[in-house]
Amino acid sequence: MPHNEFISSLPENSIVSLDDPILVTGASGFIGSRVVASLKRLGFTKIRAFVRDALRGARMLAEVCHGALEGLELIEGNLLYREDCLRATQGITLVYHLAAGVSDKSFSASFLNSAVTTRNLLDAILTNGTLRRFVNVSSFAVYSNRSIPRGALLDETCEIESHFIERGDAYLYGKLKQEEVLLDYGKRFGVPYVIVRPGAVFGPGKKGITGRVGINTFGFFLHLGGKNQIPFTFVENCAEAIVLAGLKPGVEGEIFNIVDDNLPTSKEFLSAYRKRVNAFFYLPVPYCILNL
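Residues numbered from 1 in each chain as written. Predicted model: local features only at pLDDT ≥ 70, side-chain atom pairs only at ≥ 80, totals over all residues. Heavy atoms only, no water.

**Student:** Sorry, what's going on with the overall build of the chain here?
**Tutor:** Summing up its helical and strand segments, the chain has nine helices and 12 strands in all. The C-alpha radius of gyration computed for the chain amounts to 19 Å, which stays within 12% of the reference 19 Å derived for 292 residues, consistent with globular compactness. Expressed as lengths along the three principal axes of its C-alpha atoms, the size of the chain is roughly 55 × 40 × 35 Å. The buried share of the chain, reckoned over its 292 residues, is 48%. Contacts in the chain between residues far apart in sequence, at least 24 positions, make up 78% of those at least 6 positions apart. Accessible area for the chain stands at about 14,800 Å²; split by element, carbon and sulfur atoms hold 53% of it. The distance from the centre of the 31 positive side-chain charges to the centre of the 29 negative ones in the chain is 6 Å. (Helix = DSSP H or I, 4+ residues; strand = E, 2+ residues; numbered from the N terminus. Rg over C-alpha atoms; globule rule 2.2 N^0.38 Å. Buried < 20%, exposed > 50% of the residue type's maximum accessible area, 1.4 Å probe, protein only. Contact = heavy atoms within 4.5 Å. Areas by Shrake-Rupley, 256 points an atom, 1.4 Å probe, with all protein chains shown as cover. Lys, Arg positive; Asp, Glu negative; His and termini not counted. Charge placed at Lys NZ, Arg CZ, Asp CG, Glu CD.)

**Student:** In this structure, what is going on with the pattern of salt bridges? I would like to understand it.
**Tutor:** Close approach of charged atoms lets side chains of opposite charge pair. Overall, the coordinates contain 11 salt bridges when judged by the stated rule. Arg41 is paired through a salt bridge with Glu236; the nearest N and O atoms lie 3.9 Å apart. Highlighted residues: Arg41 in helix α1 (residues 32–42) and Glu236 in helix α7 (residues 235–247), separated in sequence by 195 residues. Residue Arg41 is classed as partly exposed on the basis of its relative accessible area of 35%. (Salt bridge = Lys/Arg side-chain N within 4 Å of Asp/Glu carboxyl O.)

**Student:** Looking at this structure, how should I read the packing of helix α4 (residues 107–128) against helix α6 (residues 170–189)?
**Tutor:** For any two helices packed against each other, the geometry is given by the interaxial angle and the distance between the axes. Closest axis-to-axis distance for the α4/α6 pair is 7 Å, and the angle between their directions is 20°. For the element pair α4 / α6, the angle class is roughly parallel. As for the relative orientation of α4 and α6, their crossing is right-handed in sense. Along the contact surface, α4 presents Phe107, Ser110, Phe111, Ser114, Ala115, Thr118, Arg119, Leu122, Asp123 and Leu126, while α6 presents Ala170, Tyr171, Tyr173, Gly174, Lys177, Gln178, Val181, Leu182, Tyr185 and Phe189. In the contact of α4 with α6, the residues fall into 12 nonpolar, five polar and three charged. (Axes fitted to C-alpha atoms, helices over the stretch in contact; angles between N-to-C directions. Parallel < 35°, antiparallel > 145°, perpendicular 65-115°, else oblique. Left-handed = near helix turned anticlockwise from the far one by under 90°. Nonpolar A, V, L, I, M, F, W, Y, C, P; charged D, E, K, R; others polar.)

**Student:** Got a minute to help me understand unusual backbone geometry in this structure?
**Tutor:** The phi torsion of most residues other than glycine is negative, and most of the peptide bonds are trans. Despite not being glycine, Asn13 has its phi angle at roughly 60°, a positive value. Note that Asn13 resides in the segment before β1 (22–25). For Asn13, a relative accessible area of 58% translates into the label exposed. Although it is not a glycine, His66 adopts a positive phi angle of roughly 55°. Relative to the elements of secondary structure, His66 occurs in the loop between α2 (54–64) and β3 (72–76). The exposed category is assigned to His66, whose relative accessible area is 74%.

**Student:** Whenever I open this one, the sheet that holds strand β5 (residues 133–137) confuses me. Can you help?
**Tutor:** Backbone hydrogen bonds are what pair the strands of a sheet, in a parallel or an antiparallel way. The parallel open sheet is built from seven strands, whose spatial order is β3-β2-β1-β4-β5-β6-β11. Only two strands of the sheet have a single neighbouring strand rather than two, namely β3 and β11 (255–258). Put simply, the sheet's adjacent strands are angled 20° from each other on average, direction ignored. The sheet contact formed by β1 and strand β2 (residues 47–51) spans four bridges and is parallel. Across the sheet, the residue bridging to Ile22 is Ile47, located in β2. (Pairing = 2+ DSSP bridges.)

**Student:** What is the right way to read the nonpolar core from this model?
**Tutor:** Nonpolar side chains in soluble globular proteins generally cluster together in the buried interior. Residues Val24, Ile31, Val35, Leu39, Tyr96 and Ile242 are the most contacted members of the largest nonpolar core, which totals 38 residues. Elements supplying a minimum of two residues to this core: β1, α1, β2, α2, β4 (94–97), β5, β6 (193–198) and α7. Beyond its immediate sequence surroundings of up to four residues, Ile242 is in contact with Ile31, Val35, Tyr96, Leu98, Val135, Val137, Val196 and Ile258. (Core = buried A, V, L, I, M, F, W, Y, C linked by side-chain atoms within 4.5 Å.)

**Student:** How should the environment of Pro286 be read in this particular structure?
**Tutor:** Structurally, Pro286 can be placed in the loop between β12 (282–284) and α9 (287–290). Of the residues examined, Pro286 reaches a relative accessible area of 40% and is grouped as partly exposed. Spatially, the C-alpha atoms of Pro286 and Leu61 are 42 Å apart, while their sequence positions differ by 225 residues.

**Student:** I tried to follow the sheet that holds strand β9 (residues 220–223) on my own but got confused; where do I start?
**Tutor:** Pairing within the open sheet is mixed, and its three strands lie in the order β8-β9-β12. Each having just a single partner strand, β8 (214–217) and β12 make up the two edges of the open sheet. Pairs of neighbouring strands in the sheet enclose a mean axial angle of 25°, with direction left out of account. Seen against the sheet, helix α8 (residues 266–276) touches β9 and β12 and runs at an angle of roughly 155° to β9.

What follows is the structure, encoded as structure tokens:
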């Protein structure tokens, strides 16, 4: 799944040029920092990286970009503050929005840090009036598997989760509400947007195993994924797909899932992980038990 070849030039008829100002929110995050690096490899000269902590952000971006920070403007702020949003979006033509309440445990905090922040950002963009596209980075978590037959393909046409309370998943709730805000602004104000939904992102710096494979509990690992394919995407591949979603002409209003080719099953992944990383004890849990 990982590759070492990167896109090296703008797509034909790219909607922006290399000297257009671009904003990346969540720029110091696991994926956001790679989005910045991908933009720099393409030759963009006016990248505005929005971060919560400038010192931490500078360290992370210097590491991922191998110290090459020319053409990068670091802005420290909080998207809950409208003045910070206005400052960040001044003159911006393209937005990659990756900031979200990833670690929020409560529904209210997730709503604030995913939906309210997105609304503030969109309000600021409408005030500035220079936007050509808004790329919202959502998640595979928004999909429901309630009506999908076992073994069927999960794609962009599949049902969105509506039972987020029963699932007790604050992150899912925040992402659903974030998408709702964007769709509303697209309909009411004509905001040109693309939504991307990465699968299980992995790569250097990502600790732990995705819950789609299993969970650590009671001192050992419960393997829940069985023979299901896991929608993995290597972080560099994911970042490049996100970047392309902002550059390609004619895809306004589209939703794209991001997954790699040649996906392993949960069982295959766990076997390789235990062989190459950590041979921990695990307990396989059959699918039928999960549905009792």
